[in-house]
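Residue-level structure breakdown
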2 protein chains.
Amino acid sequence: MTLSLHERIRTDIESAILSGKLAPEDRLPVEHELMQTYQCSRMTVNKALSALAAAGLIERRKGAGSFVGRPHAHSMILDVPDLPVEVAKRGHVYGYQLLVRRLRAAARGNAEEELLAGGRRLLQLDGLHSADGAPLAVERRLVSLAAVPAIADADLEKEPPGTWLLRHVPWTEAETRISAVPADAEIARLLKTPVGTACLLVERQTWRSSERITAVRQYFLGTAYHLVARFGSSRP
Amino acid sequence: MTLSLHERIRTDIESAILSGKLAPEDRLPVEHELMQTYQCSRMTVNKALSALAAAGLIERRKGAGSFVGRPHAHSMILDVPDLPVEVAKRGHVYGYQLLVRRLRAAARGNAEEELLAGGRRLLQLDGLHSADGAPLAVERRLVSLAAVPAIADADLEKEPPGTWLLRHVPWTEAETRISAVPADAEIARLLKTPVGTACLLVERQTWRSSERITAVRQYFLGTAYHLVARFGSSRP
DNA sequence: CACCTTAGAATGTATAGACATATGGCGCAA
DNA sequence: TTGCGCCATATGTCTATACATTCTAAGGTG
């Protein structure tokens, strides 16, 4: 694969940074120098540097120059898999059981629920995910009927609500909180495990431009599940 | 904040996609149409579309057109904070205590360690992170001396090795595995918590282009710490 | 010496045009 | 009808230029 010129400039600088030849806070050659080095126009150099800036590898300061950014271990890509897909990929048979389906108002005094409901009702959906028949995770989900009226008529017996939402509802923002908690009595009963077992708790909220769509708490059996996040500097 | 023209084109299309107006696999207007719409040159349109392609929101096919990418619900940005910074941000006093510092060979039969060592020795660094004097996390780290000879001379009494590495060693790839485990006897003793307490286990390995640099296991007190991952349409 | 002004340097944005290259459909020929 | 080749289409890359914006440093002034 022959790289285009701006790609070559970009990868040259990228490897200089990643190999340590260019250290954080170092100043890069200015655009005119790179024009000389590569015998090309400024737009070509600019495209390479802009791409590096967009990727966070360098910082560009108008009037001042371009500088190597501080290493940014601070963000990685977290795969948040659709459970049926993930379980199947590991070679197990996925199962889902809907435990509770209830239309109700937000709990009074519960600010979270009231924000989600937006004055209207909520659909509460509790379910159990399993792999090869063994419990894997308990899920407690609330969906805003104001935001997703169509879900009232959806068939959620076989398909988990997360999968249904993923396919039917576009969203713009989401936040996931990951922690470890001991299983309380009910979680323990559903997961068929002793009370106090370490569970991976994944709490996720989803918005469509400031309108709240859904909030979910998933309790994973700690020993049976894990999340993976990656960081790779080069794009695939 | 007034957006430049190419930014406006980009955000316009971005919101059309995220709001669902443009569905996955839909074809975008071709560059010449966008030139008409925005009364600008092709380079400007191209810059906007290239940025969207780099972000994975659209796919561009030479000769065919530009198309909305498949939904990317499966990946979010995970913040993997530098602990001292994160603890300080929450308004606590951060502390670090080095418990074990040992130069040793890879454990025979332990494939992980042998890969990391690359035939040379490893530096084992165990430590305890605390917030306001209370234990927060136990860390067990191995560093490849083949990859990072300089760390043999580093002062790691006060500064955690993760922070030192972040500042001194560039890396290209990292993988983080997140799970929940019960505290074993030693972890429990160090964290001053009962055996079996739910802990958030973060395991991370780091490479510099296929050369392994370091592997670390961090056991966080489940109730005292959590990770946050975000997905947002707009970049910060 | 401290402060202000100013010129130059460096990046940000945009234009108009040129040629390259992959794609897909249409028409022609076997 | 089928298969092949050609061409219009659309993106990929690059050039040369222009002007705007912001930062830095030099130099002059009180």
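The structure presented is a predicted model; accordingly, all values stated were derived computationally and were not measured. (Residues numbered from 1 in each chain as written. Chains lettered and ligands numbered in written order. Predicted model: local features only at pLDDT ≥ 70, side-chain atom pairs only at ≥ 80, totals over all residues. Heavy atoms only, no water.)

Some thoughts on the overall build of chain A
Helix and strand content of chain A: seven helices and 10 strands. Over its C-alpha trace chain A gives a radius of gyration of 24 Å, far above what one expects of a compact globule, namely 18 Å for 236 residues. A principal-axis box enclosing the C-alpha atoms of chain A has dimensions of 70 × 40 × 35 Å. Counting the 236 residues in chain A, one finds 47% classified as buried. Expressed as a percentage of contacts within chain A between residues at least 6 apart in sequence, the contacts between residues at least 24 apart total 59%. Working note: accessible area of chain A is about 12100 Å², and carbon and sulfur atoms make up 52% of it. (Helix = DSSP H or I, 4+ residues; strand = E, 2+ residues; numbered from the N terminus. Rg over C-alpha atoms; globule rule 2.2 N^0.38 Å. Buried < 20%, exposed > 50% of the residue type's maximum accessible area, 1.4 Å probe, protein only. Contact = heavy atoms within 4.5 Å. Areas by Shrake-Rupley, 256 points an atom, 1.4 Å probe, with all protein chains shown as cover.)

Comments concerning the protein's contact with DNA strand C
Neighbouring DNA strand C are 24 residues, the closest being Arg-42 and Arg-60 of chain A together with Leu-5, Ser-41 and Thr-44 of chain B. Atoms of DNA strand C within 4 Å of the protein belong to the sugar or the phosphate in 68% of instances, the rest to bases. Within the side chain of Arg-42 of chain A, an N or O atom sits 2.8 Å from a base nitrogen of DNA strand C. The side chain of Arg-60 of chain A places a nitrogen or oxygen atom 2.6 Å from a phosphate oxygen of DNA strand C. Put simply, the parts of the chain that give the surface near DNA strand C at least two residues each are helix H3 (42-54), strand E1 (58-61) and strand E2 (65-68) of chain A together with helix H1 (5-18) and helix H3 (42-54) of chain B. Residues that form the surface near DNA strand C fall into these classes: six nonpolar, 10 polar and eight charged. (Near = heavy atom within 4 Å. Polar contact = N/O pair within 3.5 Å; in protein donor to acceptor, adjacent residues only side chain to side chain. Nonpolar A, V, L, I, M, F, W, Y, C, P; charged D, E, K, R; others polar.)

Some thoughts on the relation of the copies chain B and chain A
Two chain copies, one operation linking them: a rotation about an axis together with a shift along it. Mapping chain B onto chain A leaves a residual RMSD of 1.2 Å; the transformation is a rotation of 180° accompanied by 0.6 Å of translation along its axis. Look at the turn and shift together and you get a two-fold axis relating the two. (Least-squares fit on C-alpha atoms with pLDDT ≥ 70 in both.)

Some details on unusual backbone geometry
Residue and element names in this part refer to chain A. The phi angle at Gln-39 is positive, at roughly 50°, despite the residue not being glycine. Relative to the helices and strands, Gln-39 resides in the loop between helix H2 (31-38) and H3. Positive phi, normally seen in glycine, also occurs at Asp-132, with a value near 55°. Residue position: Asp-132 is located in the loop between strand E5 (122-131) and strand E6 (134-144). Given the relative accessible area of 48%, Asp-132 is considered partly exposed.

Regarding the packing of aromatic side chains
All names here are of chain A. Enumeration over the complete set of coordinates arrives at two aromatic pairs over all chains. Note on Phe-220 and Tyr-225: the rings are 4.2 Å apart at their centroids and 10° apart in plane angle, and the pair reads as stacked. The exposure classification of Phe-220 matches that of Tyr-225, with both residues buried. When the ring centre of Phe-67 is taken as reference, the NZ or CZ atom of Arg-61 above it lies at 4.2 Å. (Phe/Tyr/Trp six-rings, centres within 6.5 Å; stacked < 30°, edge-to-face > 60°. Lys NZ or Arg CZ within 6 Å of the ring centre and 35° of its normal.)

A short note on the interface of chain B and chain A
Taken together, the contacts link 47 residues of chain B with 47 residues of chain A. For the pairing of chain B and chain A, the buried interface totals around 3800 Å² over both sides, and the portion due to carbon and sulfur atoms is 63%. Here chain B and chain A share zero salt bridges between them. In this structure, the connection of chain B to chain A is made through eight residue pairs in polar contact (both at pLDDT 80 or more). For the side of chain B that touches chain A, the elements supplying multiple residues, two or more each, are H3, strand E3 (75-79), strand E7 (173-182), strand E8 (198-208) and strand E10 (227-232) of chain B. No other element matches E7 of chain B, which puts 10 residues into the side of chain B that touches chain A. (Buried area = accessible area lost by both parts, 1.4 Å probe. Salt bridge = Lys/Arg side-chain N within 4 Å of Asp/Glu carboxyl O.)

Concerning H3 of chain A
Its 13 residues give H3 of chain A an end-to-end C-alpha distance of 18 Å, which sits within 8% of 18 Å, the value for a rise of 1.5 Å per residue. As for H3 of chain A, its buried residues are in contact with helix H1 (5-18), H2, E1 and E2 of chain A together with H3 of chain B. Immediately beyond the C-terminal end of H3 of chain A, within one or two residues, lies Gly-56 of chain A, with a positive phi of roughly 85°. (Expected span 1.5 Å × (residues − 1).)

Thoughts on H2 of chain A
Residues and elements named next belong to chain A. Within H2, the full set of buried residues consists of Glu-31, Leu-34 and Tyr-38. The buried side chains of H2 occupy one side of the element, clustering within an arc of 60° when seen end-on. Within H2, the exposed residues directed more than 90 degrees away from the buried face are His-32 and Gln-36. On its buried face, H2 sits against H1, H3 and E1. (Arc of directions from axis to C-beta.)

Notes on the protein's contact with DNA strand D
Residues in contact with DNA strand D amount to 25 residues; listed here are only the nearest, Leu-5, Ser-41 and Thr-44 of chain A together with Arg-42 and Arg-60 of chain B. Among atoms of DNA strand D positioned within 4 Å of the protein, sugar and phosphate together represent 69%. Contact distances for DNA strand D include 2.7 Å between a base nitrogen and a side-chain N or O atom of Arg-42 of chain B. A distance of 3.3 Å is found between a phosphate oxygen of DNA strand D and a side-chain nitrogen or oxygen belonging to Ser-66 of chain B. Residue assignment for the surface near DNA strand D shows that the elements contributing at least two residues are H1 and H3 of chain A together with H3, strand E1 (58-61) and strand E2 (65-68) of chain B. With four residues, the top contributor of residues to the surface near DNA strand D is H3 of chain A.

Worth remembering: the numbers are spatial, not functional.
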